[in-house]
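# Notes for the structure review
Next come the chains, spelled out residue by residue.
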Amino acid sequence: MKPGDELPPLTIPVTRTLIVAGAVASRDYQDVHHDAELAREKGSPDIFMNILTTNGLVGRYITDHFGPRAVLRRVAIRLGAPNHPGDTLVLTGTVTGVEGDTAHVRVVGANGLGHHVTGTVTVEVPR
C-alpha cells in the first residue's frame, strides 16, 4: 500500500431491511429509522439509515479490502445526504498516507442525492 492507491468501489443496495436491521442492531429505536409514516411527518420522504450503520459499512469496506488482520485504529466520518430505501451506496477510498504498518484512507460514500458519508479511516495491517 502506498499513498494514492485507490480501493475498489463497494456497491451496497440500500434496502428497507438494511436500514431497519442496522438501527435495531445498534439499538437506535428512533422512529425515523423504521417508521416511514412518522419519518414523513418529520419532513423526510422515507426512513433513513442511521450513522452507526453507516459507520459499520465503512469499517466493513476497509477490512474487506485490507484483510482479516486489519485493525481499525480510528474512524472519523461525517454524514451528508441521507440513505433512503431504493438507493445505492457506493463506497470509494484512497490511501492518503502510510506509516509502517498503518495506512490512512480517505473514504467517500455516495448515493443518488450526493455524498452520504465522507471521512478518514486509520487502519493497521500487521505483517
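Residues numbered from 1 in each chain as written. Predicted model: local features only at pLDDT ≥ 70, side-chain atom pairs only at ≥ 80, totals over all residues. Heavy atoms only, no water.

## Observations concerning the pairing of strand 3 (residues 88–99)
Looking at chain direction, strand 1 (residues 6–13) and strand 3 are connected through 6 bridges and run antiparallel. Following the sheet pairing, Glu6 is matched in strand 3 by Thr94. One ladder, built from 9 bridges, connects strand 3 with strand 4 (residues 102–111); its direction is antiparallel. Paired with Val90 across the bridge in strand 4 is Ala110. Turn length for the strand 3-strand 4 hairpin, with the two strands adjacent in sequence and antiparallel, is 2 residues, and the turn residue Gly100 shows positive phi of about 65°. (Pairing = 2+ DSSP bridges. Helix = DSSP H or I, 4+ residues; strand = E, 2+ residues; numbered from the N terminus.)

## Overview of the pattern of salt bridges
Scanning the entire structure with this criterion turns up 6 salt bridges. Lys42 is the partner of Asp31 in a salt bridge, and the nearest nitrogen-oxygen pair spans 2.9 Å. With Asp31 in the loop between helix 1 (16–25) and helix 2 (36–41) and Lys42 in the loop between helix 2 and helix 3 (51–66), the pair connects residues that are 11 residues apart, well separated along the chain. On the basis of relative accessible area, Asp31 is assigned to the buried category, the value being 18%. (Salt bridge = Lys/Arg side-chain N within 4 Å of Asp/Glu carboxyl O. Buried < 20%, exposed > 50% of the residue type's maximum accessible area, 1.4 Å probe, protein only.)

## Notes on helix 3
End to end, helix 3 covers 23 Å across 16 residues, agreeing with the expected 22 Å (1.5 Å per residue, within 8%). Along its buried surface, helix 3 packs onto strand 1, helix 1, strand 2 (71–79), strand 3, strand 4 and strand 5 (114–124). At the exit of helix 3 stands Gly67, carrying a positive phi of roughly 100°. (Expected span 1.5 Å × (residues − 1). Contact = heavy atoms within 4.5 Å.)

## Some remarks on helix 1
Taken residue by residue, helix 1 has Ile19, Gly22 and Ala23 as its buried positions. Projected onto a plane normal to the axis of helix 1, the buried residues spread over an arc of 95° and lie on a single side. Facing away from the buried side of helix 1 by over 90 degrees, the exposed positions are Thr17 and Ala25. At the exit of helix 1 stands Arg27, carrying a positive phi of roughly 60°. (Arc of directions from axis to C-beta.)

## Focus: the sheet that holds strand 2
Strand order across the open sheet formed by 5 strands is 1-3-4-5-2, with antiparallel pairing between neighbours. Two strands lie at the open edges of the sheet, namely strand 1 and strand 2, each paired on one side alone. The mean inter-strand angle of the sheet, taken between neighbouring strand axes irrespective of direction, is 20°. (Axes fitted to C-alpha atoms, helices over the stretch in contact; angles between N-to-C directions.)

Remember that the coordinates give geometry; whether it matters functionally is a separate question.
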